[in-house]
Structure formats: structure tokens, C-alpha cells
Amino acid sequence: MASDDTRRGHGLMPRLVLRRDIWIVVLVFVLSMSATLAAYRFEHARSLEQGQVMFERAGDVVHRDLVATLRAYAQFLRAGSALFRTGEDISRQDWSTFVRAVGLEENYPGTQGVSFNRILRGPAERDAFQAKVRATDWPNYTIVPPGDRELYTAIAYMDPMTNRNERAIGFDISSEANRSAAVQRAVQTGLPTLTQSIKLVQEAAFGEGTGDVQPGVLLVVPVYRPGKALSTLRARSDAAMGVVVGAFRMGDLLGSVLQGTENSAANFVDVSLSDASQPVEDSLLYQSAEFAPQSSSYISETRLSLYGQTWVLNLASTPRFEELARRRTDLAVLLGGLLVSLLLTSLAWAQAARARESRAAAAVLKDSHAQIELLMGEVNHRSKNLLSVVQAIARQTSRGDPATFSKAFSQRLGALSANQDLLVRSGWKRIEIHDLVHSQLSHLEELLGQRISVSGPSFGLGPKTAQTLGMALHELATNAIKYGALSNDTGKVTISWTFSAPETQGGTFAMSWLERDGPAVKAPSRKGFGSKVTSMMVRAMLLGDIRTSYDVIGFEWHLSCPAENVLQSEGTASREANAE
């Protein structure tokens, strides 16, 4: 019966081990996929943010080009105004020569026409000017609309002389309130002035019935008589002899700004431009044919103040832009993370399989290889302790920002790895405290002896104490680099300790970390994993007292515990393994 029970026991153990290994493999897969999903969410958010930045850049191009275009056209109109400073007898031929010289169609696309409008005060001046033009230049010249008014601003010259523009000759722009307000503001201020949205006179003859009617605006620049004083509003009004006017069809103007080329902004954003001063139903100045903000992923609204008017520029991303913005790097991260997770799971399973094979071989050779069994128990004990520490680090680090999870997790594993290297080299016995401190500060080697001072007696630490102090020193160094004395060029850190052997009455171990000349010290608003390592974990493992200070002179960390708690006899680890 005893033999049967033994055989049943030997048959049960492999099944339990296999079940345990399966759970470990599942845990590895779950942890790695959790990290993958966190990285995917981060990359997805980053892709959206990058798309927003690209959209804003494309919108800035439209905004900048529109403003730059109008400023360039205003400068051209100022040049036209300056032409009349040479004298009041500028002829229509002189005006046409000037317009052709600046290359209106080539250099200022989107301009319907440029005119010089004569300011006439009352019917008498109107009749005299009308008769003069008929006699010398334009036999059929007539100022329209007819009627007696106090002020006329009639078109005298217009170029280029197209069929559309010819109809506008003689039109009095002061006969309509919107145009008249722009003329008055330009004359009174001496500045270029835009009208509100209007229907150009040219549209009335050639646009209606063809579907080619576009909203328009006028840009008005004053012309003053040469040699007249312009220091007061009244003086400017009396000196005004006319205005230079640029007439723009907004569809043509915005088309020139957007430049429908392969790499232009028109391929990336749809545009809607409206006049903020007009009722909604009459405010639209221009709108792209495909403008549909309700179906676009990125939209924006900007108000532009230009030459006395306020325009509202609405932008919406085009399908082509959204195709470029969606590079799907988040899917690449997800697929890559899945492959890595599967690889880690396969490696874990292979490792577990090899471990099972080793345990099976050890069981067969147990009677003749008792020492091997003892060593396997020791390795198993150390591995479980290490896995517990790694799991605690992963669990605490994952509570922070997913974007920094990988870096923080790697740094803490690096600190643990440095401790393990020292333990292995020492045969899991004692680690010299100076070696432990320097291993945790190896990435700051150039500062040792200059900005980092290390002092204290030499003695050996037990394995558990080495792991605990190593993790604490790593967290203190990390915080000093990020926030403390090592985050600037002048701060200093002093690490010191004292030790009296347990045989000495009241033997104690005390260690201090002091920071000076760093940035202003401020207590953290919450305790993260690093605080737990340097306080609760050290206190629990060494049964000592931890004291921290966030004084203005610098951060301080002090540890004090019985000396016997930092030591461990050489046989303790073996006894623990046997007991397990």
C-alpha cells in the first residue's frame, strides 16, 4: 500500500507542476499584452495629436497666404495712389501703362480690376468732370446711377479693360452705403479699407444667369492732392481727390491663394470664409466645393481683422489629409507588441518545460545526488524571491503614466540586476557596502568624487539587505537626477554611513543621503513607488527607522536600524531553502 501511495504521489506532482507552469505562462502573456495595450493607447493618442499639429500647420499656411496676398495687393494699390502725387493730370493712358507695368494678371491673380475713382463734390463738379471726360477720353462716359448727390466717387479709369470691367466705367461707388462707408474711412484715416461683402457691378452684366456669380469685395486706398496738409481729419477730407480701388471676386482670389497644385494647402484643407459683420445668410464670401466640417476629423475657426473688416476663416480636413494623418503606427505597435508577447510566452513555456525536465531528472537522481537537489531548491527559492520583487516593481510602476512605463520599469530592473550581479559574484554570501553603493551610482561615475561624496566603513551586507538598500539608493539617485541636487549643474550629494558590530552593546547601522545646492525643495503631493521603496520597504525589511526632510537647504534621507539586521550569516540562505 505504501508503494502504491508513493507511485500515486509521484504521478500527482507532475500534474500539479504542469498546472502551475501553465498559470505562470498565462501570467507572462497577460502582463506582456497589458504593456502592449498601454503602448497602443499611448501611440494612438500620439497619432491623433500629430494629426492635429499637421492640420494646424496646413491651416497656418492658408491664413498666412491670405493675409500676405491682401497685404501685397494693398501695397500695389498704394503704389497706384502714389502715381497721382506727381500731379493731378494723370491720363487714362498713363493709368493703363502703370497697371500693365506691374503685371496685374501675372503678379496679382484673383484681381477683377483696378480703378481710379474721382471724388466729386456736388452736381456741378459732376457735370464738369463728365463733360471733360467725354470731350477728351470717353465720348459716352456717364456717371451712374443718375441723380443729384452731395458726393460722388465715380470710376474714371479701369484696367484691365475687359467686357466685365467696361460696364463699371462711370459707376459711382458712393451711391451704395457699404462702398461709401469704405471710401469715407479710407479718406479719413489715410489707410487701405475693405468693404463688406458686395455684388460687383461687373457681375450684374455677365454673371447672372451663367452660375458664375461670386461674392466680391473692394479694397480702397485714398488719393490726396499733392502738397496738401493731411494732419487732421478735416484736412484729409478736403485734400482727397479720389481713391484707388481693387475689385476682387472672392472665388478667384481664394483660388489663387489656395493654388490647387499637388502639394498646395487646397489638397489638405477645405475652406469657408465669411464676413462677421453680415447676417449669416449673406455672410459667405467663399466656400470650397467639398467643405463638410460635420464629416471631417479636424476643424478650426479663426477670426481675421483685415483693413477695417473682420472675416471668419473656417477650415476642415480633406479626405486626402486624413489619409496622410492616419499612418496607423498604433496598429504597428499593437501587432509588434502581440508578436513580442507571443515570443515571451513561448520562451516562458520553453523555460518552464526545461525546468520540469530538470526537476524530473533531479527526482530520478535524488538518492544519489542529494547535493544537486539541495542546489535546485536554493535556485527555486531565489527565483521566487526575485519574481516577487519584479512583480511588485511592475505592479507599482504600471500605476503611473503608460508613456513612461517602459523607461521606469527598465531602470528599476537595472538596479535590481546590479544587485543580483553582486550577489552572484559573492556566492550569495556578503556584499561589500562600497561595491553596492558604487554599482547603483555607476551611471553617475563622472560625478563621483566631485559632486557625489561617498564615505563610511567597509563591511559586508547580507543578500536581502543588499537588495533593499540597492533599490533604495537607485530611487534616491533617480529622484536627485530628475528633481533634486543632480538636476542642475551645482548641486551636490553626500552619502555616508556608520556601523558598530552587533557584539558591541547597542550596535547600530545608520545611513544618510544629503542633497545641497539643488533646486528649491518641495514635498511631493503624493507618494509613488519610489517613496514606498525608500520608506516602507526599507523599514519593513530592516526593522529600522526612516526619516526624510524637505528643508529649504536640501532634501535629506536618514536610516537607522540595529546592526544585526543588515548582516546575514553565510548559512542562512541555505537553511531557508531547506526549510522551503
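Only a predicted model underlies this, so the values are computations on that prediction, with no experimental measurement involved.

Student: Give a description of the overall build of the protein chain that names residues and reports values.
Tutor: Counting its regular elements, the protein chain contains 17 helices and 16 strands. Expressed as a percentage of its 580 residues, the buried residues of the protein chain come to 42%. Look at the contacts in the protein chain between residues 6 or more apart in sequence, and 68% of them connect residues 24 or more apart. For the protein chain, the exposed area adds up to about 30,700 Å²; of that, 55% sits on carbon and sulfur atoms.

Student: Give a description of the sheet that holds strand E13 (residues 492-499) that names residues and reports values.
Tutor: Reading across the sheet, the five strands line up as E11-E13-E14-E16-E15 and stay open at both edges, with mixed pairing between neighbours. The two strands at the open ends of the sheet, each matched to only one other strand, are strand E11 (452-455) and strand E15 (545-551). Pairs of neighbouring strands in the sheet enclose a mean axial angle of 10°, with direction left out of account. Note that E15 and strand E16 (residues 554-562) share seven bridges and pair antiparallel. Paired with Ser-549 across the bridge in E16 is Glu-556. Relative to E13, helix H14 (residues 433-440) is tilted by about 160°, and along the sheet it contacts E11, E13 and strand E14 (508-516). On the sheet, helix H15 (residues 463-482) packs against E14 and E16 and is oriented at approximately 10° with respect to E14.

Student: Just give me the short version of helix H4 (residues 122-136), but keep the residues and values in it.
Tutor: The α-helix advances 3.6 residues per turn, and as a result positions three or four apart in sequence lie on the same side. Helix length check: H4 (15 residues) gives 22 Å between terminal C-alpha atoms against 21 Å at 1.5 Å per residue, within 8%. Looking only at H4, the buried set comprises Gly-122, Arg-126, Phe-129, Gln-130 and Val-133. Buried residues along H4 cover an arc of 100° about the axis, so they all sit on one side. What points out from H4, more than 90 degrees from its buried face, is the exposed set Ala-124, Lys-132, Ala-135 and Thr-136. On its buried side, H4 packs onto strand E1 (111-121) and strand E2 (151-159).

Student: Go over the nonpolar core with me, naming the residues and quoting the values.
Tutor: By size, the foremost hydrophobic cluster in this structure holds 78 residues, and its most contacted members are Leu-273 and Trp-311. With ten residues, helix H1 (residues 2-83) is the largest single contributor of residues to this core. Counting residues in each nonpolar core, the second largest holds 36 residues, with Leu-461, Leu-486, Met-511 and Val-533 among its members.

Student: Talk me through the packing of aromatic side chains; I want residue IDs and the actual numbers.
Tutor: Following the criterion strictly, the structure yields 15 aromatic pairs and no others. Between Tyr-73 and Phe-248, the aromatic rings sit 5.5 Å apart at their centres with planes inclined by 15°, giving stacked as the arrangement. You can see Tyr-73 sitting in helix H1 and its partner Phe-248 sitting in strand E5 (residues 240-249), a full 175 residues away along the chain. Judged on exposure class, the residue Tyr-73 and its partner Phe-248 are both buried. Between the aromatic rings of Phe-76 and Tyr-108, the centroid separation amounts to 4.8 Å while the plane-to-plane angle is 25°, which identifies the pairing as stacked. Taken together, the positions of Phe-76 in helix H1 and Tyr-108 in the loop between helix H3 (104-107) and E1 put the pair 32 residues apart, joining distant regions of the chain.

Student: Which residues make up the confidence of the model for the protein chain, and what values do they have?
Tutor: Chain-level pLDDT for the protein chain is 80 on average; 80% of the residues reach the 70-or-more range. Mean pLDDT across the elements of the protein chain bottoms out in helix H17 (residues 572-579) (34) and peaks in strand E3 (residues 193-194) (96). Across residues 374-379 the pLDDT falls below 50, and counting only partners more than four positions away or on other chains, this stretch makes six contacts in the model. Note that residues 569-580 has pLDDT below 50 and, in this model, 16 contacts with residues that lie over four places away or in other chains.

Student: I'd love a proper account of the pairing of strand E9 (residues 309-317), names of residues and values included.
Tutor: Of all nine residues in E9, eight are buried; the element is thus mostly enclosed. Inspection of the sheet shows strand E6 (residues 269-275) paired to E9 by seven bridges, in the antiparallel sense. Along E9, the bridge assignment pairs Ser-272 with Asn-314.

Student: Please provide a residue-by-residue account of helix H6 (residues 177-189), values included.
Tutor: With 13 residues, H6 extends 18 Å from end C-alpha to end C-alpha; this agrees with the ideal 18 Å at 1.5 Å per step. Listing the buried residues of H6 in full gives Asn-178, Arg-179, Ser-180, Ala-182, Val-183, Ala-186 and Val-187. The backbone nitrogen of Asn-178 lies 2.9 Å from a side-chain oxygen of the residue at the head of H6, namely Glu-176. One or two steps after H6, the chain reaches Gly-190, where phi turns positive at roughly 75°.

Student: Talk me through the sheet that holds E2; I want residue IDs and the actual numbers.
Tutor: Pairing between the strands of a sheet comes from backbone hydrogen bonds, and it takes one of two forms, parallel or antiparallel. Here five strands make up an open sheet; going across it, the order is E2-E1-E5-E4-E3 and the pairing antiparallel. Every interior strand has two partners, whereas the edge strands, E2 and E3, have only one. Bridge count for E1 against E5 is seven bridges, and the pairing is antiparallel. Paired with Arg-118 across the two strands is Gly-242, which belongs to E5. Along the sheet face, H4 touches E1 and E2 and points at about 125° away from the line of E1. In the packing of H6 onto the sheet, the strands contacted are E1, E2, E3, strand E4 (216-224) and E5, and the crossing angle to E4 comes to about 35°.

Student: Any details on the side chain of Ser-180? Residues and values, ideally.
Tutor: With respect to the helices and strands, Ser-180 occurs in helix H6. Take Ser-180: its relative accessible area is 11%, and that puts it in the buried class. With residues up to four places along the chain from it excluded, the contact list for Ser-180 reads Ile-173 and Ser-174.

Student: Hey, could you go over the pattern of salt bridges for me, with residue numbers and the actual values?
Tutor: A side chain of one charge can pair with a side chain of the opposite charge if their charged atoms are brought near each other. Inspection of the entire model under this criterion finds ten salt bridges. Close ionic contact of Asp-127 with Arg-126 constitutes a salt bridge, the shortest N to O distance being 2.9 Å. By relative accessible area, Asp-127 is classed as partly exposed at 39%. A salt bridge links Arg-179 to Glu-176; the shortest N-O distance between them is 3.1 Å.

So, how was this worked out
Residues numbered from 1 in each chain as written. Predicted model: local features only at pLDDT ≥ 70, side-chain atom pairs only at ≥ 80, totals over all residues. Heavy atoms only, no water. Helix = DSSP H or I, 4+ residues; strand = E, 2+ residues; numbered from the N terminus. Buried < 20%, exposed > 50% of the residue type's maximum accessible area, 1.4 Å probe, protein only. Contact = heavy atoms within 4.5 Å. Areas by Shrake-Rupley, 256 points an atom, 1.4 Å probe, with all protein chains shown as cover. Pairing = 2+ DSSP bridges. Axes fitted to C-alpha atoms, helices over the stretch in contact; angles between N-to-C directions. Expected span 1.5 Å × (residues − 1). Arc of directions from axis to C-beta. Core = buried A, V, L, I, M, F, W, Y, C linked by side-chain atoms within 4.5 Å. Phe/Tyr/Trp six-rings, centres within 6.5 Å; stacked < 30°, edge-to-face > 60°. pLDDT = per-residue confidence, 0-100. Polar contact = N/O pair within 3.5 Å; in protein donor to acceptor, adjacent residues only side chain to side chain. Salt bridge = Lys/Arg side-chain N within 4 Å of Asp/Glu carboxyl O.

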